[in-house]
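Single-letter residue listing:
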Amino acid sequence: MAVPNPSDIALFGKDPMPRLVSVQPLLNGSQAEVCLYQRSEDGQAIYRITEPFYPFFFLSDIELLRDFPRAQFQFQQLDGANYYRFLIVVQSWSDYWDAIRHIERATDSREKRPDEVYLINNPPQQYLMQTGRTLFKEMGFEDLHRLQLDIEVAASRGFPNAERPEDAIIIVSMTDNRGWECLLDTRHRSEKDLLEELVRVIQTRDPDVIEGHNIYQFDFPYLQTRCDLHGVAFAIGRDGSVPRSFPSSMRFAERMVDFDALEIHGRHIVDTYFQVMSYDVFKRDLPGYGLKDVSKYFGFAPEDREYVDGDTIAQVWQDDPERLLKYALDDVVETERLARHLSGSTFYLTQMLPMLYGQVARTGPASKIEALLVREYLRQRHSLPRSTWGSQVLGGYTDVFYTGVVGPIVYADVESLYPSIMLNYNVKPQSDALDLFPTLLQRLTDLRFEAKRAMKTIDSADLRGELDARQTSYKNLINSFYGQLGFSLALFNDFAEADRVAATGQQLLRHIIKLIREAGGTIIEVDTDGVLFVPPETNRGEAAEQAFVKQLSAGMPNGIRIGFDGRFQKMLSYKKKNYALLTYGGALKFKGSSLVSRSNERFGRRFVRKAVRLLLEEDIQGLHDLYLATRDRILAHRWEEVADFSRTETLKDNAEAYLADVAAGKRTRAASYELAMARAQETGQPARKGDRITYYITGSTANVTSFENCHLADAWDPNAPDENTAYYLKRLDEFTRKFEPFFTEHDFRLIFSPEDLFGFSPAGITLISNMRAVEDVEDEIPF
DNA sequence: AGCTGTGGCAGGGAGG
DNA sequence: CCTCCCTGCCAC
């Protein structure tokens, strides 16, 4: 074996330990090729990857691979005599991943990252898809063959117990984007036959994409479990293979979703549930993430849509199976519309990334940006950096200067604050030797601008839809660049730069505050990139307000533009990130967890909503009446349903992790977990991460320990209500306390108390507001 | 092992 | 009582 050229070796890592790097393989028919490069004999590290994408794994001894029986190994000579390629040939994806796990187990791979990874070959054919089709730029989203799938299960809460016979799948409904529909059910066939038929139908229809709502966490694992139970091979791959799964997770803002990712050979999975959540990260407008909620929100529900409550499925199946079949079919019809609406941008994103469509649909934005960077580094044959250790310190600037009812209100925000800062203040990770970060960001920004401009000049609705999907995909990428800098696992992270972006954002916001004040406006509240303020007396009315914002924008540094993002009659300013806005159309918009949190009981949310409206209308008598009415309802147990006062919580851990944390003193006991575990004792259904537990508080005094005084919502009987009235009266008091700052203590007590000894009169009660003293705002804008 | 961040409010439990 | 800490949910 010849020794590599030392001048090239200098490019490589300085790590003295012998290592190997493996990367994601390129599918070549049913064979996967993984190419690893051996290190040189003289002790210098060399890393070579022919089919590069993401350097996950490193091993300390190439010999380890020889212990793995299901792979073949060979050496090939490359680049004259200088380099050797070490080739692993495996027969299937699962063998590949098994090999990787084998390597991982035998080494402590996490701690042994080389400083740099040098990659030699040309980039992969990015658009080669596992479907056997190619995603050339000319191909449109509509050319995909998409199949939607949904299952109905007899037992209403069956999933974790899928082994029990009563948990059988009773209906499989399917549609596709070519007008085909299909219903399979167990009225005239066994469940086993149904599953076998399902596999046949999928193979016959041969779709590129399988879509479903929450299909990753429910339909697929459930189908797999039932197939295993009956000994049916769930062979839906294009090569007749069964799906391969591995644990994965995805984060949507604060919400972490754990799921078993699934790869079906030759096909892609798109879970509309994920798409809905990622849509909501930006919009924050959805009533819920369930299929029905979202379909109503988008107006996708069929006109004569059938609804069946989850708890009653078994009953409806007995009494009126046709109705349940229609319901199941409506589900997939909605799924198709939802996917058509939301997954176009994912599709066009795939054309830009060295990733498969299904992979793009289930990975977060950070890995996508990194894929773009890595691909170009590979193409330029440049070494890749290693991620650095540390953490970001700074975030956005938030403040509230005025609380109370105030108006009129204008909302102005900096357009694309962080991307604009990164472009105009030369932000780039220190490790980005090729300056790709700013170049890519600029290019994507230009592309998005072009797409948006083209949309305005084009008549065809179809083409406009495609352009919109494209510009959305650019936007998603652009917005992820900043996150990349502060992400500890990203190869191109740079915490100092992330802080510089945040600090610049803070300064820009302070500058805006100063400009508005100098012009005679009153700042109410600011958050990161936007300002809510009362425009100066001289600038009232929509046109004048627009002009005012335009003038503000002119006072900003180059490349930083302020947009007019809304105007409102009035505002109730409560706390930072917590306020309500009254539009000129009379609608109310609520912001902030203390006003709208879904963790609050429904009666409390309704109380707060109504009270805020009354407050904005300065209807003191109305407030008092609302308080009395709500109080009476609690005292009389006058609930429409248990959901009016129950609380729903999502388990963040499974029972074992929870108990371990409790034992370690890391957390306290919580009602939701205790109830889930109690239920597990009774039904054998384990408490799983992600379970939604709905419960209410029992007992007789207001200060009860909730985890010892709680029942599952299902246990509540309207004929023998046992909810804790004293506790819920206390909750009502907690909701009223939000309005304390807006009245004198005396007035507040009058309004929110039942003691009408002398009758209640709103006379003389006025709202009070609070203006914080205006401090000097430092203004050190780097112009 | 395929995972964007900080800032902020509120409630519950535990312990002083 | 109060404070501290953790968790959940939300804004951007």
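In the block above lies the structure referred to throughout.
A short tour of the structure in this document, coming up.

Basis of the calculations
Residues numbered from 1 in each chain as written. Chains lettered and ligands numbered in written order. Predicted model: local features only at pLDDT ≥ 70, side-chain atom pairs only at ≥ 80, totals over all residues. Heavy atoms only, no water. Salt bridge = Lys/Arg side-chain N within 4 Å of Asp/Glu carboxyl O. Buried < 20%, exposed > 50% of the residue type's maximum accessible area, 1.4 Å probe, protein only. Pairing = 2+ DSSP bridges. Helix = DSSP H or I, 4+ residues; strand = E, 2+ residues; numbered from the N terminus. Near = heavy atom within 4 Å. Polar contact = N/O pair within 3.5 Å; in protein donor to acceptor, adjacent residues only side chain to side chain. Nonpolar A, V, L, I, M, F, W, Y, C, P; charged D, E, K, R; others polar.

**Observations concerning the pattern of salt bridges**
Inspection of every chain in the model, using the stated rule, returns 35 salt bridges. Residue Asp435 is joined to Lys428 by a salt bridge in which the shortest nitrogen-to-oxygen separation is 2.8 Å. Asp435 gets classed as partly exposed once you look at its relative accessible area, which sits at 35%. Residue classification places Lys428 among the partly exposed residues on the basis of a relative accessible area of 26%. Within the structure, one salt-bridge network assembled from shared partners comprises Arg602, Arg606, Arg633, Glu641 and Asp644.

**Looking at the sheet that holds strand β15 (residues 402-406)**
Within the open sheet, the five strands sit side by side as β22-β21-β20-β15-β26. Their pairing is antiparallel. Looking along the sheet, the strands with just one partner apiece sit at the ends: β22 (588-591) and β26 (770-771).

**A short note on the protein's contact with DNA strand C**
Lining the immediate surroundings of DNA strand C are 17 residues, of which Asp529, Lys577, Tyr579, Lys652 and Lys666 lie closest. Within 4 Å of the protein, the contacting atoms of DNA strand C are drawn from sugar and phosphate to the extent of 84%. Between Asp529 and DNA strand C, the recorded distance is 2.4 Å, taken from a side-chain N or O atom to a sugar or linking oxygen. The contact in question runs from a base nitrogen of DNA strand C to an N or O atom on the side chain of Lys577, over 3.0 Å. Here the residues of the surface near DNA strand C sort into one nonpolar, six polar and ten charged.

**Side note on unusual backbone geometry**
For the peptide bond that leads from Gly407 to Pro408, omega is -5°, which places it in the cis range. Within the element layout of this structure, Pro408 appears in the loop between β15 and β16 (409-414). Located in the positive-phi region is Asn214, a residue other than glycine, with phi close to 60°. In this fold, Asn214 is placed in the loop between β10 (209-212) and α5 (215-230). The exposure class of Asn214 is partly exposed, given its relative accessible area of 23%. Phi angles above zero are rare outside glycine, and Asn426 is one such case at about 50°. With respect to the helices and strands, Asn426 occurs in the loop between α13 (417-424) and α14 (436-457).

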